[in-house]
Every structure is written in C-alpha cells, then in structure tokens.
Amino acid sequence: MIRKTLEARQVNRRELLALFGAGTVAAMGISLAGPALADAKSTAAAIAKVTGGKSAAAGKITLDTPQIAENGSTVPISVSVDSPMTDADHVKKVHVWAEGNPNPDVASFHFTTMSGKAKVSTRIRLAKTQNIISVAEMSDGSFVMAKSEIKVTIGGCGG
Amino acid sequence: MKKAYLGVLTLGAVAMIAATFVSNAFADSDFGKYAVGDIRSGYTYMTKESKAIQDDDFENPAMLWLEDGEQVWGKVDGKAGKSCASCHGSASDSMKGVAATYPKYDKKLKKLKNIEQQINICRTERMGAKPFKYESKQMLGTTIYVRNQSRDMPMNVSIDDEAAPFFAKGKAFFNGRRGALDMACKHCHEDNAGNYARANLLTQGQTNGFPTYRFKWQKPGSTHRRFRGCNKNIRAQPLKYGSDEYVNLELYVAWRGRGLPVETPAVRN
Amino acid sequence: MAKTKARVKAPKSAKKGEAFQVKTLISHKMESGQRKDKKTGKKIPRHIINKFVCTYNGKQVFSADWHPAISANPYMSFFVKAADSGTLEMAWTDDKGKTMKKSTKIKVS
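Residues numbered from 1 in each chain as written. Chains lettered and ligands numbered in written order. Predicted model: local features only at pLDDT ≥ 70, side-chain atom pairs only at ≥ 80, totals over all residues.

**Description of the overall build of chain A**
Secondary structure summary: chain A contains two helices and eight strands in total. Mapped in sequence order, the helices and strands of chain A form the string α-α-β-β-β-β-β-β-β-β. Counting every position in chain A, which comprises 159 residues, the buried fraction comes to 43%. Looking at chain A alone, contacts between residues at least 24 apart form 68% of all its contacts between residues at least 6 apart. (Helix = DSSP H or I, 4+ residues; strand = E, 2+ residues; numbered from the N terminus. Buried ≥ 20, exposed ≤ 12 C-beta atoms within 10 Å, placed from the backbone. Contact = placed C-beta atoms within 7 Å.)

Written out as structure tokens, the structure is:
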C-alpha cells in the first residue's frame, strides 16, 4: 500500500496534547511530564546487573518482533532459545528490556527442565520506537543476547 | 497550534490525490471476505500481528468480555425472576442475524434502536431489572456475546420504509461539518481512507466489528464511544451515549458496511 | 481479583516427555503508575500483576516476573514437558498480593 504522509515531520508532544488531548496519549500508560525515558546506558546497566559484567554472545537466542507496531500499547513478541533443556544443558532465565521505555524492565522468565522448550510469547508496551533486548542465562553460567528494533507509530486519532 | 490544525485541514485539499492511492491499494491485494467491492473492513488495514490476535478466539482479549456476556445471558436478574435465556433460549439460535440487521426501527419508540438499547428494553420492561450502563463490563459483554452470534454473516440493515427518515439523518450527520476543525466524518473515512493523518492510518470507519477491542483503549468499546472520541478529536461536542443522533449514524454507517462480515469482537488500533 | 477473568489453553492429553504449549490470558488493567488522573493531575498508582507461576503436580515448571511494560489483559504462552498425568496450575499474583488461580488436567501417555 502506498503511504501518503500528510505531515512528515515528527509529532512533538505539545502538538499531540494540543490536537488530541492529554487523555489520549496518557491512556497509553505513557507519562508526558514524567521521568526521563530510559536510554541505552541505563539499560546496559540493568543488563550488567544480570550478567555480572560478563559478556553475552550472540546466537542461540531469537527475538521475534513485528517491524512496525501501529499502537505501542500491545506489541506481541516472542523469545526463543535453542537448548535441549536437559539437566546438563538448559536455559535458566530469559530477561527482556525495552531501551526507550520510562523503565527498561519488561519481564523475566524462569525456566526449568520441565519446560521442554525455552520459548515464551507475550504482549508488551512500548513508549516509542526503540530496541528490545533479551538476554538468556544458561545453566553453564554463560549468557546469550539478542536485540531487535521495533518502530512504534503512536496514533492519537479516532477517539 | 494553528499550524497543526492547518495540517489536518489540508486533508480535504489532498482528497483528489488520495483517491488514486486508495484505488491502487485495492488493485494490489485480495482481502477475501473482508471486502465487498470498494467496501473494506478495518481488518484490512491492520498489521498481520494485529490480525492474528483477532483471528484467534483464545488470544483475542475481547473474548474475556464475551465470557462475561455468556454468564449474563444465563443469569436470573430482576423482579420477574428471568434471565435472557428464559425468553431467548440458546443465544446461538435466537440471536443469529441480530447484529447483521441492527439498528432497526422500533414501532413503540417510533425511532431506531440499537442492540444496547434493546438489551435495556428487555431488562427494564421484561425482566424488571436495572439497565446496564454503556461501556460497563455487563453491557460490553452482553453486546459482544449477542453480536458474536452473527459472526461472518453479512451486514444487512434495512434503510427502507420507517427506517428511511432516520437513515437520512444519519447520512446527514456523517456528511455534515462540525467542531472547531469544521470537518465531517467523510473527510477522514471516505475522502482519505487509506491515507495517513499524522501517524494514524485512516480506515473507512466501518462498524461491523463492534464492540471492538482497541489497543488504544486496552479494552472493548462501543460505537458510541468511538463516535464520541472522533467528535472530541475534531473539537466537536461529543453527544451522549445512546443519543438519537448516534443511533441514526449507526444505521448509516452499518449501511456503508453492507456485505461486510460481522466480526464482533474485532481487534483494532 | 474477584472480577478478574482468566483463561488457559492446554492440550487435554500429551505424550510423555514431549513439550506442549500452554496459552494464558487474564483480564487486568495493568495500571503502570505512569498515567495521571485527568481531573486531579495526580499519578494513578501502579497496580499490576507482577508474578505468574505455573506448577505441574505441585512442582514449579515455569514462572515469570512482570513489570508495567507488560500490556493490559496480559497474554503469555510457554511450554511444559510432563512425565506423568496430572494437574497444571496457573497462579497470577498482583501488587496487592491477591492471587487468581486456574488449573487444567493433562493426561500423559
């Protein structure tokens, strides 16, 4: 479908408020006058807390996310880690962060050898276009990481 | 601020160019049951992830409200000691076709009535029970449950005979300018369906999936909630839930969506 | 969480040692704590489901810690592998300490 953007420039929050009212944007669970949004630095700190500063390799972990989320209130995501989930070799935990949210923490999932598969799907809230980062803690003490950018167009029209 | 308003007002000016983009979009895709000629369900404008949520009856959050409606259906309520089931039996039998044909003319009221109003007529006059409030859990649940019984049936409201003058009023409302932005429903939903207004992809504004679970609301909502929101967005006075104007508009919009399948409960942005 | 509605989808039967998918959905506003009351201007306090635990025959199989970034009416699916027949129990706990439980039986052969 051919996109025709009537106003190509970024919508700033004053205009959002003026045109559609604070209530509309507020209903998304986003604070306009609230704390500063998280950034790559504070998210990296949260990740370091989990890994204890250890490096997290790429591979084995897949983040399945939509390229574009038209509404940031309900974005379906899926995290999957390639693992036999045996006593000897399994995923212990999977963490998810949203770099650009007021608070980067999204969720932590705890697996056991009774999980069978280290795969979880859920729906998350995103305040704006940003990176989603997922880190898996393996039973051997190693970490793997995946990152995915999700574009979020926050609407405002239509009641 | 004025600049922002002007930006939206230019929608009308862009209408001519917009038309060609809309028709190109039709040529490209096959929408299956979700389109009838030029008439397109809001479903066809959604991302594939959002469509997947509507398509799965377990995963669709509005189904939680449908469960509520199913409970209401069988629950005795009011002085007459009746439930919906007492008169209507199994909803899958008795309510089939209701969503496809409402709103309709009521001989006693001498005007149109929608499903929410019929539910309350039954409750107050036949059950001796309290009416449900618009947007309440019970009203949304019951409306979703009733309308869902007609799922996949083509929308087929009557605009003839006694309904005709109300249809005309609904049509006038849809095409009439209102509010500080001096816009009519048609400016977005007819002239610019398929185009973007800021970050919103404009649809045709069909109602075949209502009550709809909107990500924006994070719960289901009625057509009147939607109408009120749209009116507020163009800085027009929102009318009351259950107002005659909105019920008339419901008939006109339902007619605009004739042939589209009932999708209740739909999932939209 | 008296008015909360929850649903669970899991197969009625499964093969021993074979992972099966469990889907869950629960109605909850998941009030993030970021929203402001339109009238008073004050922040609406946070009230979310912060913990999900799935047990099989009483033993914990999977659990999740949720933050306000989890959408309203949370949906979550995960996998379980069982050796014997039994009961799969789901428990959602919110900030106020209230718990909602839902269980389903699985026949394993």
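**Considering the overall build of chain B**
When its secondary structure is counted, chain B shows 12 helices and nine strands. Counting over 269 residues, chain B shows a buried share of 45%. Long-range contacts, defined as pairs at least 24 residues apart, comprise 72% of the intrachain contacts of chain B with a sequence gap of at least 6.

**Here's the deal with the interface of chain A and chain C**
Every contact between the two is made by 32 residues of chain A and, on the other side, 27 residues of chain C. In terms of residue class, the side of chain A that touches chain C is built from 12 nonpolar, 15 polar and five charged. Direction of pairing for strand 5 (residues 105–110) of chain A relative to strand 5 (residues 59–66) of chain C: antiparallel, over a ladder of four bridges. Its bridge partner lying in strand 5 of chain C, Phe109(A) is registered against Ala64(C). (Nonpolar A, V, L, I, M, F, W, Y, C, P; charged D, E, K, R; others polar. Pairing = 2+ DSSP bridges.)

**Some details on the domain arrangement of chain B**
The figure often quoted for interface size is the accessible area lost as the parts come together. Residues and elements named next belong to chain B. In terms of domain boundaries, chain B breaks down into domain 1 (2–59 + 155–268) and domain 2 (63–148). Facing 25 residues of domain 1, the contacting portion of domain 2 comprises 22 residues. For the side of domain 1 that touches domain 2, the secondary structure elements donating two or more residues are strand 8 (219–221), helix 11 (223–233) and helix 12 (244–256). Taken together, the residues of the side of domain 1 that touches domain 2 sort by class into 12 nonpolar, eight polar and five charged. (Domains from an automatic or database assignment.)

**Quick notes on the sheet that holds strand 9 (residues 267–268) of chain B**
Two modes of strand pairing occur in sheets, parallel and antiparallel, and in both the strands are linked by backbone hydrogen bonds. Residue and element names in this part refer to chain B. Judged by pairing direction, the sheet is mixed, and its three strands sit side by side in the order 8-7-9 without closing on themselves. Looking at the sheet topology across the chains shown, the edges are occupied by strand 8 and strand 9. In the sheet, strand 7 (residues 212–214) pairs with strand 8 via three bridges, with the strands oriented antiparallel. The residue of strand 8 that forms the bridge with Arg 214 is Lys 219.

**Some remarks on the nonpolar core**
Core analysis: the largest hydrophobic core is formed by 108 residues, its most contacted members being Val94(A), Val106(A), Ile124(A), Leu126(A), Leu251(B) and Val80(C). With seven residues, helix 12 of chain B is the largest single contributor of residues to this core. The residue makeup of this core includes at least three contributed by each of domain 1 (2–59 + 155–268) and domain 2 (63–148) of chain B. Those residues within four positions of Val80(C) in sequence are excluded, and the remaining contacts are Met114(A), Ser115(A), Gly116(A), Ala19(C), Phe20(C), Val22(C), Tyr56(C), Val61(C), Phe62(C) and Leu88(C). (Core = buried A, V, L, I, M, F, W, Y, C linked by C-beta atoms within 7 Å.)

**So, the environment of Thr99(C)**
For Thr99(C), the location among the structural elements is in strand 8 (residues 99–108). Excluding its chain neighbours within four sequence positions, the residues that come into contact with Thr99(C) are Ala91(C), Trp92(C) and Thr93(C).

**Quick notes on the sheet that holds strand 6 (residues 75–80) of chain C**
Read across the open sheet, the six strands follow the order 1(A)-3(A)-6(A)-6(C)-3(C)-1(C); overall the sheet is antiparallel. Two strands lie at the open edges of the sheet, namely strand 1 (61–64) of chain A together with strand 1 (6–9) of chain C, each paired on one side alone. Ignoring which end each strand starts from, the neighbouring axes of this sheet average 15° apart. (Axes fitted to C-alpha atoms, helices over the stretch in contact; angles between N-to-C directions.)

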